[in-house]
Amino acid sequence: MQSFDYMTPTRLIFGRESIVKLPEVMRPLGRRVLMTYGSGSIKRIGLYDRVKDLLKDFEIFELSDIQPNPKYDPSVLDGVRICKESKIDVILAVGGGSVLDCSKAIAAGAKYEGDPWDLISYKVKAQAALPIVDILTLAATGSEYDYFGVISRTETNDKIGYGDPLLYPVCSILDPVYTFSVSKKQTAAGCADAMNHTIEQYFVADSTLLNDGFCESMLKSLMVNTRKCLENPEDYTARAEMMLCCTYGCNGILSLGNSESGWPCHGIEHALSAYYDITHGEGLAIITPRWMRHILSEKTIDRFVKYGINVFGIDSTLPKEEIADKAIEATYAFFESIGIPMHLREVGIDDSRIDEMAHHIAVNEGLDKAYAPLTEQDIKEILIASL
Ligand code: NZQ
Ligand code: ZN
């Protein structure tokens, strides 16, 4: 077991009507609030009005139209400008992972005098950040419980996972009811994202029985509850369990004591959504089974056998190769069964930029150090198999 030094300072307030605690959470953080949100879903579900009503004693400034795969220009730059000009005390992010991620970059940029890209690109380490509170409306990324924000810069095809412990949300308000309106497409993509977060932490050289069990439970719960959410979008229990699974996905709690993974599927997918602006979870679902097939070897087969038996209930008396093969097929079949397009061509990606993307990933993502190391040629083969 590996040594670790771990802390997650974020307060989670979970359940129906947890929003009533919002004023109490916000008050110690200041009166001048930047409320960030996306393209309108929070208005359609009445959440925007509810927040305004609960915070009527606060001075609220707004940054709207934050897009999926949030953009450095204009969203991060506009947010930083508002924070500086209006002397914002605290950011309230209301939305999905993109709104939360963008808000984290703004929080750091607001306390930095230079170009915020210096921070996101790790040229300069942030010394301070504004506090962030969030109200989550989409179960997927785990951004509500981690210190990462993934930011896209269109002109350079960069999509960078920017992380700093200064960026943990102070508090995340998690009411599953706000996810009732999430479309089938985004529900399935959110499930694929959280499943992949788990898989990235499960396929490692050194892990514990404890972490393996935690990951296996996460994967089973996500599959069962996502199906229920798709059948009945207002199934509170299913939405709630899905939300909590997603919250656990990305802050390292599933892999305390494990050896490094390298997060290879994320390294590959971030390039896909940087070049083609596709939905992150869909890109991951497409890549994951192809990556699995590519790394299956004498060295990795035992992980696939355990995964196949414990997650999909595959007959443990079968030969190892057959179990591993069935496990990869079952992963693909599950994603397909929840309506995810399982080929890159179906999400608008052809072979014209595969070489360029494989090169970009090999240079920027460090996947040669992953659990199963990937060269530029390996990445290219995985992308071609995903077409
Ligand atoms: O813009 P609005 O109108 O809010 O609509 C959004 C958006 O179109 C909609 N939506 C959100 N909540 C809704 C809703 N529609 C109806 N009802 C609701 N309650 O859903 C669409 C997608 O939203 P987005 O925030 O982009 O989705 P998600 O939460 O999946 O976030 C994806 C982003 O997070 C990054 C991804 O790369 C991607 O950029 N990630 C962040 C991570 C982190 N911070 O740790 C880790 C992940 O691996 C991931 O990379
Ligand atoms: Zn992800």
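Our structure is the block above this text.
Since this is a predicted model, take the numbers as computed values, not measurements.

### Comments concerning empty space enclosed by the protein
Enumeration over the complete set of coordinates arrives at one cavity of 30 Å³ or more. Considering only enclosed or pocket space, the largest cavity measures out at about 40 Å³ in volume. As for the largest cavity, its lining consists of Leu138, Ala139, Thr179, Val182, Gln186, Thr187, Arg239 and Met242. If you list the elements that add at least two residues to the lining of the largest cavity, you get helix H7 (184-202) and helix H9 (236-248). Broken down by class, the residue content of the lining of the largest cavity amounts to four nonpolar, three polar and one charged.

### Overview of the sheet that holds strand E4 (residues 90-95)
Spatially, the six strands line up as an open sheet ordered E1-E8-E5-E4-E2-E3, and their pairing is parallel. Two strands in the sheet have a free side with no partner beyond their single neighbour: strand E1 (11-14) and strand E3 (59-63). Looking at each pair of strands side by side, their axes are set apart by 20° on average, direction ignored. Relative to strand E8 (residues 171-174), E1 runs parallel, the two being bridged by four bridges. Note that in E8 the partner of Leu12 across the bridge is Ser172. Its contacts with the sheet put helix H5 (residues 97-109) on strand E2 (32-36), E3, E4 and strand E5 (132-136), and the angle it makes with E4 is roughly 165°.

Rules used in this analysis
Residues numbered from 1 in each chain as written. Chains lettered and ligands numbered in written order. Predicted model: local features only at pLDDT ≥ 70, side-chain atom pairs only at ≥ 80, totals over all residues. Heavy atoms only, no water. 1 Å grid on protein atoms, 1.4 Å probe; cavity = no way out; pocket = protein on both sides within 12 Å on 5 of 7 lines; lining within 4 Å. Points joined across faces, edges and corners; volume = space filled by probe spheres on them. Helix = DSSP H or I, 4+ residues; strand = E, 2+ residues; numbered from the N terminus. Nonpolar A, V, L, I, M, F, W, Y, C, P; charged D, E, K, R; others polar. Pairing = 2+ DSSP bridges. Axes fitted to C-alpha atoms, helices over the stretch in contact; angles between N-to-C directions. Contact = heavy atoms within 4.5 Å.

These figures come from the coordinates and say nothing about function on their own.
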